[in-house]
Amino acid sequence: MSTIQNLGVFTSGGDAPGMNAAIRAVVRACKYYELKAYGIYRGYDGLIAGDIEEMGSRSVSNIIHRGGTILKSARSAEFRTPEGRKKAYENLKKHGIQALVAIGGDGTFTGASVFSSEYDIPVIGLPGTIDNDLNGTDYTIGYDTAVNTAAAAIDKIRDTASSHNRLFFIEVMGRYSGQIAVRASIAAGAEATMIPEEPMTIEQLIQLLERGASSKKSSSLVVVAEGGSPGHTIELAKEVQEKFGYYDTKVTILGHLLRGGSPTVSDRVLASTLGVHAVEFLLKGKSGGMLGIVNNQVKFTPFEQAIRNVDNLDPEMMRIAGILSV
Ligand code: F6P
């Protein structure tokens, strides 16, 4: 029998569509198993400040379809200090919170891992990030929505690009990862995809664009992953325009647009499933790792592995994108 009676849930790092569905699932599973659920606001910052409130089933009504996170989110500098983590622990004790569900990405799990080893607080993580850059899950919560948003935006850009014989560079988020870029590229039929995992030189890109121009493509779309330097696509486009003047060149940076909006069905179901399992895992005495879904099965991955040397881009995706761009 578990001794857990009070459980805390929070969202941390960059928000992702589907985080609300995950919060709802955790709170409702707590109700089902007769535990008290506490919402911690603003991630680790709120834990340090004691910004904590009890939540019931009705606190999470009408949020399954909403983007963002009702619990707010933050990237906490203070939680990286032992003093910050001590304050956080004291606040948990004050509320009698005995276990945590942390919804976020690599920064969130790094913090959770240190905290739970220092203070012996069971923590289960849920993968909440649009980047899809964690080991131990086929998809992260928010990724599918972000890719759909990117593809819808690129479709619109295609209309104007083809009307004007233009070359468009479209920059998408994904801090160190090309996952959003490559999937959106395939879905929206881009001519080229530039990602950190398989770097392409400007000369290689120009070759591709020349091939398109010589086969009478009236416009071209290049999807570029932000790759840790948001906005770098402006410089890239300038350089390409100088060396290859066939098209008039434009840049659209989708940026934070990809973080918003109503989550897709896939993200809602993923978040709901993992939220319930998170509570059940904690009740079974499991902690110290992230839950994901791999091949339709719920999988537990220790935090250190979930965030280590992540390179889960399937090279097949780039191959397909390449073949279809001729
Ligand atoms: O990790 C999610 C993400 O949206 C990345 O794709 C992006 O690089 C980063 O967060 C942006 O963070 P911020 O909102 O703090 O600028």
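### Regarding the domain arrangement of the protein chain
- Per the domain assignment, the segments of the protein chain are domain 1 (6–142 + 263–306) and domain 2 (144–260).
- Averaged C-alpha coordinates put domain 1 and domain 2 at centres separated by 34 Å.
- The interface of domain 1 with domain 2 comprises 14 residues on the first partner and 14 residues on the second.
- Interface of domain 1 and domain 2: buried area, both sides summed, is about 1,200 Å²; carbon and sulfur atoms make up 45% of it.
- It is I130, D131 and T264 that lose the most area in domain 1 upon contact with domain 2, and together they represent 39% of the buried surface on that side.
- The tally of links from domain 1 across to domain 2 stands at one salt bridge.
- In this structure, R259 engages D15 in a salt bridge whose closest nitrogen and oxygen atoms are separated by 2.7 Å.
- If you look at where domain 1 meets domain 2, you find 11 residue pairs in polar contact (both at pLDDT 80 or more).
- A per-class count over the side of domain 1 that touches domain 2 returns four nonpolar, five polar and five charged.

### Re the site of the ligand
- Within the structure, the ligand sits among R75, T129, I130, D131, M173, G174, R175, E226, H256 and R259.
- For the ligand, an oxygen atom lies 2.8 Å from a polar atom in the side chain of H256.
- Residue R259 places a side-chain N or O atom 2.8 Å away from an oxygen atom belonging to the ligand.
- Here the ligand, which alone exposes 400 Å², has 77% of that area covered by the protein.
- Class assignment for the residues of the shell around the ligand results in two nonpolar, three polar and five charged.

About the thresholds
Residues numbered from 1 in each chain as written. Predicted model: local features only at pLDDT ≥ 70, side-chain atom pairs only at ≥ 80, totals over all residues. Heavy atoms only, no water. Domains from an automatic or database assignment. Contact = heavy atoms within 4.5 Å. Buried area = accessible area lost by both parts, 1.4 Å probe. Salt bridge = Lys/Arg side-chain N within 4 Å of Asp/Glu carboxyl O. Polar contact = N/O pair within 3.5 Å; in protein donor to acceptor, adjacent residues only side chain to side chain. Nonpolar A, V, L, I, M, F, W, Y, C, P; charged D, E, K, R; others polar. Near = heavy atom within 4 Å. Areas by Shrake-Rupley, 256 points an atom, 1.4 Å probe, with all protein chains shown as cover.

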